[in-house]
Amino acid sequence: MSNKIIVVGGGAAGMMAAIIAKKNGADVTILERNNRVGKKLLATGNGRCNYTNINLDIENYHGKNPRFAYSALANLDVYQTMDLFEKMGITPAIEDNGKVFPLSFQSSSVLDILRYEIEDLGIELITEAYVVKVDKKKDFIITLKDNKRYICDKLILATGGKAMPISGSDGNGYTIVKSFGHSIIDIFPGLVQLNLEGNIFKQISGVKFSGVARLYSMDKLLIQDSGDILFTNYGISGPPILQISRTALEYMRNKSPVELDISIIHSKSQYELADYLNKRFNYMPKKHIGEALIGLINKRLINPILQEIDLDRNKEVHKLSKKEIYALSNILTSWRFNIVGSQGWGQAQVTAGGVNTDEVDPQTMESKLVEGLYIVGELLDIDGDCGGFNLQWAWSSGYTAGMYASN
Ligand SMILES: Cc1cc2nc3c(=O)[nH]c(=O)nc-3n(C[C@H](O)[C@H](O)[C@H](O)COP(=O)(O)OP(=O)(O)OC[C@H]3O[C@@H](n4cnc5c(N)ncnc54)[C@H](O)[C@@H]3O)c2cc1C
């Protein structure tokens, strides 16, 4: 008897699930609401597709129960993923922090090889197929927006979360899973730029530097990351900010105090920098402090920083007190900001929260509430750090569901 599987959503997880199920002998159809599959995949990794990470650890995953991800990540681990993709045509290039990209450095090549595989295996792909309702009698009955209906034995839901809604994953999948009695852990944008309090941001918007971002709650360090940081007109952006954003927003949602600390200069401690500033100012005693910082930090930061510590930009540096030099070295190594929110779903790279993983079998991705229903990818309450971990979750969870649904 043939096993008819329908995959709803042709993103990373859905395509992987379909390919594996078909290879395993099932009759597979993908229903994708857009006029093509993999729209979001094209935007990943700044168009370069950071498709996995060789330093993967369960600690890179978040949610109510991150360990839920363990089995799927073992069913298709990082090296098996790289091998699978290499056999489909993607030569891996390993960059900083273990990030893996296609050697072509084009997301479109990852999508091309997946589309080729879908076609070559004879998977039925129906685009512009927006699923609005799923019922289950003995079989699943799937209804599209245009009222067309499809029937299958097993259903794999891979509709994504809510990040980047223009890609097609706009949160509508939660309505479908809820109709089966599943509960949703509150969602919020993850890997997202932060809005900061203050009126200096228009003035410094566009200033980029290599720095360190640290997140504190009542002086306890929660998380830190380093790399390119960018001030924007609403606050702050850049990879380290995205990396710490989930923790920041989670604390804020729990009404716990949280504060952002930025090191513009991170090669020296505050005391070393104070010594260095003393030495530096001895070279140029007659210069005004506004001029004496040129060449040390981005010029556009000088006035706002001096205003922050209440230092007259026209003061000659030989007249600076010890306390003033200390305040300067303090703000350059540890500039504190209040976080007031984040950018929205349109800017977020992932969804934190999603389908409650207590209701899904971690070994198979099958729903514990509805036999034959599989839930994968970002739709579940699992999200990863920045660096290839979210796509790896999509591949591994999709692989697992494809494998078990077709058995
Ligand atoms: C800008 C950006 C950059 C990113 N870069 C990276 C990166 O470099 N590395 C990394 O690991 N992760 C990255 N991510 C995260 C990663 O892309 C996602 O976590 C991953 O694509 C999720 O896969 P998915 O298959 O679960 O969902 P999606 O890729 O969102 O796919 C869901 C699919 O379902 C379709 N769909 C939704 N509802 C329906 C419906 N009702 N009927 C039919 N079809 C439907 C959608 O159109 C979509 O095609 C990035 C995300 C963004 C937004």
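Everything discussed here concerns the structure shown above.
Please read all numbers here as calculations on a predicted model, not as lab measurements.

1. Regarding the overall build of the chain
Assigned secondary structure in the chain consists of 13 helices and 21 strands. The proportion of buried residues among the 407 residues of the chain is 55%. When contacts within the chain are restricted to residue pairs at least 6 apart in sequence, those whose partners lie at least 24 apart make up 73%. Accessible surface, the chain: about 18,000 Å² in total, of which carbon and sulfur atoms supply 46%. Averaging the positions of the 44 positive and the 45 negative side-chain charges in the chain gives two centres separated by 5 Å.

2. Some points on the pairing of strand E17 (residues 259–263)
Counting buried positions along E17 gives four out of five residues, so the element sits mostly inside the fold. Of the strand pairs in this sheet, strand E14 (residues 208–217) and E17 are connected by five bridges, and their pairing is antiparallel. From the neighbouring strand, Ala213 faces E17, where its bridge partner is Ile262. Strand direction decides the pairing type here: E17 and strand E18 (residues 335–342), joined by four bridges, are antiparallel. From the neighbouring strand, Ile262 faces E18, where its bridge partner is Trp335.

3. Details of the site of the ligand
Taken together, 35 residues lie near the ligand, and Glu32, Gly45, Asn172, Glu378 and Leu391 sit nearest. In this structure, Glu32 approaches the ligand through a side-chain N or O atom, which is 2.6 Å from an oxygen atom. Gly388 places a main-chain nitrogen or oxygen 3.3 Å from an oxygen atom of the ligand. Protein chains bury 95% of the 1,000 Å² of accessible surface belonging to the ligand in isolation. Of all the elements in the fold, those that place two or more residues in the shell around the ligand are helix H1 (12–23), helix H2 (39–43) and helix H13 (389–405). When residues in the shell around the ligand are grouped by element, the largest group, four residues, is from H13. Looking at the shell around the ligand residue by residue, the class counts come to 14 nonpolar, 17 polar and four charged.

4. Structural notes on the sheet that holds strand E11 (residues 154–157)
The strand order across the open sheet formed by five strands is E7-E2-E1-E11-E20, and the pairing between neighbours is parallel. Strand pairing shows two members of the sheet lacking a second neighbour, strand E7 (124–126) and strand E20 (373–375), which therefore form its edges. Adjacent strand axes in the sheet meet at a mean angle of 20°, parallel and antiparallel pairs treated alike. Across three bridges, strand E2 (residues 27–31) lies against E7 in parallel orientation. Its bridge partner lying in E7, Thr29 is registered against Glu124. Those strands touched by H1 are strand E1 (4–8), E2 and E11, and its axis lies near 165° from that of E2.

5. Brief notes about the sheet that holds strand E16 (residues 235–237)
Taken together, six strands build a closed barrel; the order of strands is E13-E16-E15-E14-E17-E18 and the barrel is antiparallel. Here the average twist between neighbouring strands, direction ignored, is 45°. When strand E13 (residues 194–196) meets E16, the two strands line up antiparallel, connected through two bridges. Bridge assignment links Leu194 to a residue of E16, and that residue is Ile236. Along the sheet, helix H8 (residues 239–253) makes contact with E13, E14, strand E15 (220–231), E16, E17 and E18, crossing E15 at roughly 140°. Contacts from helix H12 (residues 322–333) reach E14, E17 and E18 within the one sheet, and its direction differs from that of E17 by about 105°.

Scoring rules and cut-offs
Residues numbered from 1 in each chain as written. Predicted model: local features only at pLDDT ≥ 70, side-chain atom pairs only at ≥ 80, totals over all residues. Heavy atoms only, no water. Helix = DSSP H or I, 4+ residues; strand = E, 2+ residues; numbered from the N terminus. Buried < 20%, exposed > 50% of the residue type's maximum accessible area, 1.4 Å probe, protein only. Contact = heavy atoms within 4.5 Å. Areas by Shrake-Rupley, 256 points an atom, 1.4 Å probe, with all protein chains shown as cover. Lys, Arg positive; Asp, Glu negative; His and termini not counted. Charge placed at Lys NZ, Arg CZ, Asp CG, Glu CD. Pairing = 2+ DSSP bridges. Near = heavy atom within 4 Å. Polar contact = N/O pair within 3.5 Å; in protein donor to acceptor, adjacent residues only side chain to side chain. Nonpolar A, V, L, I, M, F, W, Y, C, P; charged D, E, K, R; others polar. Axes fitted to C-alpha atoms, helices over the stretch in contact; angles between N-to-C directions.

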